[in-house]
Amino acid sequence: MRITLRVWRQKNADAKGKMEKYKLDDVDEDMSFLEMLDVLNEKLILQGEDPVSFDHDCREGICGSCAMVINGTPHGPQKNTTTCQLHMRHFKDGDTIDVEPWRARAFPVIKDLVTDRSAFDQIIQAGGYVSVNTGSAPEAHATPVDKVSADDAFDAATCIGCGACVAACPNGSSMLFTAAKVTHLGLLPQGQPERQTRAISMLAKQDELDFGGCTNVGACAEVCPKGIPLASISRLNHDVLGATLAGARAD
Amino acid sequence: MVLTQQRNIVTRTWGSSVGKKFVMAVTGVIFLLYVIAHMIGNLKIFFGQETFDAYSEHLRTLGAEIFGYEGVLWIIRVVLLASVVLHMAAAFSLWYKAKRARPVGYQHKGHQGSYAARTMRWGGVIIALFVIWHILDLTLGTVNPDPAGGAYAKLVASFDRPIVAIFYIVAMVALSFHISHGLWSGIQTLGGNSAVKQHALKSFSIVVGVVIAVGFAIIPVSVMFGLVR
Ligand code: HEM
Ligand code: SF4
Ligand code: FES
């Protein structure tokens, strides 16, 4: 396959970036998108040019590193699929593909396609945990969990923190990410003690970090590689409403 | 967990992005109830001038023994005006926050999210401008060809101008989009959505939006085609 790439190149956080054009003549349709970028980078290195920086780690769709917006869609055209699991057969011979970093004030570009996503860690620190006493592990059957809650909590727990939801959202909101965590922990008995304070604390942190406010557009759920449902945001809202009326506070 | 009061409920609500959405959802419900009542009232136009003008007068004498002439109408006006102010303040605050959240945009623009969802802000501005025009036209009569006429006469005189009738119909299309997304969005904001119910709730909201738009738009259309004179 012959592919023309237009990739966002930016030397460092302060530099002004721009789209740069590259032509590849020998792309195999069985290559993953990242392998295609590896081929480009080998070529650039041989030519003595600076290779394109991009994040990647597991390359099997579970770490959430491979952040890039492909033709205007985070993680590209394939539903429920991370960039590393996207294959070139989903493109046509002769295609031009635009590749850009996540765009959000809370995710500043470090270099090329690499962004600093530590803002998500701060949201987790604000409430994405359960308090467990130290000591020997409790007996697994001591706390029963009904099947529906266990399944729904597990589905929410599949969020890999990739940030595609933020990248797609016209408001630049991290609501789907935060809602996935609140749903995951709030459905389980172990998560009940902090249920209300978790929702308002994580939301307050997200607001403070300059993520946008959610207006239920639904772009996040369309691009989420893990299929986190939009309705999880309703669960977050439900907990926030309860906490707001009750005046819950975290300290 | 200890539940203690933090700040007061007003700052607690207005201080978070979701709290602002609660305000938009509640004021949105007020608009929706008003618009439905207003639409049903307007349809009395098909029962003739006498019925319609009597209805307009009835709105003013409604509850007059307790609240005085136009008392109930003024209560409704004040509640609606306060709702508009709150609804718009929250909307502009979230609009500003969204602009701030993405200082650098994409070269290749994506199109995720429905058309109705993506046009809520400009659609809302169009509806607000329409409402201003609408009050000047049919309530105050300032921009009406028959300012001294009764409710029925003003309405017919206004829609006898094709441009005005078409403007009304366009505004109703904008309103229908606004409600189609807004009703579902409000339910989601108030915590009433779930993965199982979502499809049904979205469809219901679209039906409500379309029914309301058709219920309003049928009047200028009828005047244009001479069914209401
Ligand atoms: C084409 C459809 C519509 C028609 C034919 C219509 C007709 C009227 C009429 C005849 C009045 C004057 C009633 C009176 O003073 O006795 C009025 C007032 C009003 N209408 Fe509409 N209307 C329409 C759509 C809407 C919509 C969609 C909204 C809001 C979303 C709206 C909001 C208002 C408001 C705020 C007033 C002023 C109420 C007051 O202060 O007394 N109207 N309308
Ligand atoms: S909710 Fe989906 S898109 Fe957002 S961070 Fe989690 S996995 Fe990624
Ligand atoms: S590299 Fe780990 S999810 Fe793509």
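Residues numbered from 1 in each chain as written. Chains lettered and ligands numbered in written order. Predicted model: local features only at pLDDT ≥ 70, side-chain atom pairs only at ≥ 80, totals over all residues. Heavy atoms only, no water.

Enquirer: Which residues make up the overall build of chain B, and what values do they have?
Expert: Scanning chain B from N- to C-terminus turns up ten helices and zero strands. For chain B, the α and β elements follow one another from N to C terminus as α-α-α-α-α-α-α-α-α-α. Considering only C-alpha atoms, chain B reaches an extent of 60 × 50 × 35 Å along its principal axes. Here chain B holds 229 residues, and 41% of them are scored as buried. Long-range pairs, those at least 24 residues apart, make up 67% of the contacts in chain B between residues at least 6 apart in sequence. A total of about 12,500 Å² of accessible surface is found on chain B, and carbon and sulfur atoms cover 74% of it. (Helix = DSSP H or I, 4+ residues; strand = E, 2+ residues; numbered from the N terminus. Buried < 20%, exposed > 50% of the residue type's maximum accessible area, 1.4 Å probe, protein only. Contact = heavy atoms within 4.5 Å. Areas by Shrake-Rupley, 256 points an atom, 1.4 Å probe, with all protein chains shown as cover.)

Enquirer: Could you give an account of the confidence of the model for chain B, naming the residues involved and the relevant values?
Expert: Residues with a pLDDT of 70 or more make up 97% of chain B, whose mean pLDDT is 93. Below pLDDT 50 for its whole length, residues 1–5 of chain B participates in 13 contacts with residues either more than four positions away or in separate chains. (pLDDT = per-residue confidence, 0-100.)

Enquirer: Account for the sheet that holds strand β2 (residues 18–24) of chain A, with residues named and values stated.
Expert: Residues and elements named next belong to chain A. Strand order in the open sheet formed by five strands is β2-β1-β5-β3-β4, and the pairing between neighbours is mixed. Either end of the sheet is taken by a strand with one partner, and the two such strands are β2 and β4 (73–74). Here strand β1 (residues 3–9) runs beside β2; their pairing, made up of seven bridges, is antiparallel. Bridging across to β2, T4 finds its partner in K23. Seen against the sheet, helix α1 (residues 33–46) touches β1, β2, β3 (69–70) and β5 (96–100) and runs at an angle of roughly 90° to β2. (Pairing = 2+ DSSP bridges. Axes fitted to C-alpha atoms, helices over the stretch in contact; angles between N-to-C directions.)

Enquirer: How would you explain the side chain of K181 of chain A if you had to name every residue and give the values?
Expert: Residues and elements named next belong to chain A. Positionally, K181 belongs in helix α5 (residues 175–186). For the buried residue K181, which engages in no salt bridge, the nearest side chain bearing the opposite charge is D121, 9.5 Å off. Filtering out sequence-adjacent residues up to four positions away, K181 remains in contact with I124, C159 and M202. (Lys, Arg positive; Asp, Glu negative; His and termini not counted. Salt bridge = Lys/Arg side-chain N within 4 Å of Asp/Glu carboxyl O.)

Enquirer: For the coordination of the iron atom of ligand 1, give the residues involved together with the corresponding values.
Expert: When a metal carries six donors in an octahedron, the ideal angles between them are 90 or 180 degrees, while four donors in a tetrahedron ideally lie at 109.5 degrees. Residues and elements named next belong to chain B. For the iron atom of ligand 1, the protein coordination sphere consists of H38 (NE2) and H134 (NE2), at 1.9 to 2.1 Å. With six donor atoms in place around the iron atom of ligand 1 and angles of 78 to 180° between them, the coordination shape is octahedral. Placement of H38 in helix α2 (residues 17–42) and of H134 in helix α7 (residues 120–139) is noted, with a sequence separation of 96 residues between them. (Donors = N, O, S within 2.8 Å, 3.2 Å for Na, K, Ca; no water. Tetrahedral: all angles 85-135°; square planar, octahedral: opposite > 155°, others 65-115°.)

Enquirer: An account of the site of ligand 1 is requested, with residue identities and associated values reported.
Expert: Residues and elements named next belong to chain B. In the vicinity of ligand 1 lie 18 residues, with H38, S56, R60, R77 and H134 positioned nearest. One of the side-chain N or O atoms of S56 is found 3.0 Å from an oxygen atom in ligand 1. Separating an oxygen atom of ligand 1 from a side-chain N or O atom of R60 is a distance of 3.0 Å. Mapped onto the shell around ligand 1, the elements with two or more residues apiece are α2, α3 (49–61), α7 and α9 (162–189). Of all the elements, α7 adds the most residues to the shell around ligand 1, at six residues. (Near = heavy atom within 4 Å. Polar contact = N/O pair within 3.5 Å; in protein donor to acceptor, adjacent residues only side chain to side chain.)

Enquirer: Account for the packing of aromatic side chains, with residues named and values stated.
Expert: Applying the stated criterion across every chain yields a total of 14 aromatic pairs over all chains. Consider the rings of F120 of chain A and F211 of chain A, whose centres lie 6.1 Å apart with planes at 35°: the pair is tilted. Of this pair, F120 of chain A sits in helix α2 (residues 118–125) while F211 of chain A sits in the loop between α6 (195–208) and α7 (219–223), and the two are 91 residues apart along the sequence. Exposure class is identical for F120 of chain A and F211 of chain A. Each is buried. For the ring pair W133 of chain B and F167 of chain B, a centre distance of 6.3 Å and an interplane angle of 80° mean the geometry is edge-to-face. In this pair, W133 of chain B sits in helix α7 while F167 of chain B sits in helix α9, placing the two residues 34 residues apart along the sequence. Grouped by ring-pair contacts, the aromatic residues F130, W133, F159, F167 and Y168 of chain B constitute a single cluster. Positioned above the aromatic ring of W8 of chain A, the side-chain terminus of R103 of chain A is 4.3 Å from the ring centre. (Phe/Tyr/Trp six-rings, centres within 6.5 Å; stacked < 30°, edge-to-face > 60°. Lys NZ or Arg CZ within 6 Å of the ring centre and 35° of its normal.)

Enquirer: With reference to specific residues and values, describe the site of ligand 2.
Expert: Residue and element names in this part refer to chain A. Near ligand 2, the surroundings consist of 14 residues, among which C159, C162, G163, C165 and C224 are the closest. Within the residue set of the shell around ligand 2, elements represented by two or more residues are α4 (164–168) and α5. A breakdown of the residues in the shell around ligand 2 according to their chemical character gives eleven nonpolar, two polar and one charged. (Nonpolar A, V, L, I, M, F, W, Y, C, P; charged D, E, K, R; others polar.)

Enquirer: An account of the packing of helix α8 (residues 231–246) of chain A against α9 of chain B is needed here, citing residue identities and associated values.
Expert: α9 of chain B packs onto α8 of chain A with a crossing angle of 50° between their chain directions and a minimal axis gap of 7 Å. Taken together, α8 of chain A and α9 of chain B sit at an angle that is classed as oblique. Contacts between α8 of chain A and α9 of chain B involve A231, I233, S234 and N237 of chain A from the former and I187, Q188 and T189 of chain B from the latter. Here the contact of α8 of chain A with α9 of chain B is built from residues that sort into three nonpolar, four polar and no charged. (Parallel < 35°, antiparallel > 145°, perpendicular 65-115°, else oblique.)

Enquirer: For the nonpolar core, give the residues involved together with the corresponding values.
Expert: Grouped together as the largest cluster of nonpolar side chains are 48 residues, with contacts concentrated most on F107, F211, I233 and V240 of chain A. Elements that contribute at least two residues to this core include exactly α2, α4, α5, α6, α7 and α8 of chain A together with α2 of chain B. It is α5 of chain A that provides the largest number of residues to this core, a total of six residues. Taken together, domain 1 (3–111) and domain 2 (117–246) of chain A each give at least three residues to this core, which thus spans both. Aside from chain neighbours lying at most four places away, what touches F211 of chain A is A106, F107, A119, F120, I123, V166, G172, S173, S174 and Q206 of chain A together with K97 and A101 of chain B. Among the nonpolar cores identified, the runner-up in size contains 30 residues, and F52, I212, A213 and A217 of chain B belong to it. (Core = buried A, V, L, I, M, F, W, Y, C linked by side-chain atoms within 4.5 Å. Domains from an automatic or database assignment.)

Enquirer: Break down helix α8 (residues 151–159) of chain B for me, citing the residues and quoting the values.
Expert: All names here are of chain B. In terms of burial, α8 is largely enclosed, as seven of its nine residues are buried. Looking at α8, one finds that the buried residues are Y152, K154, L155, V156, A157, S158 and F159. Contact partners of the buried residues in α8: α3, α7, α9 and α10 (198–224).

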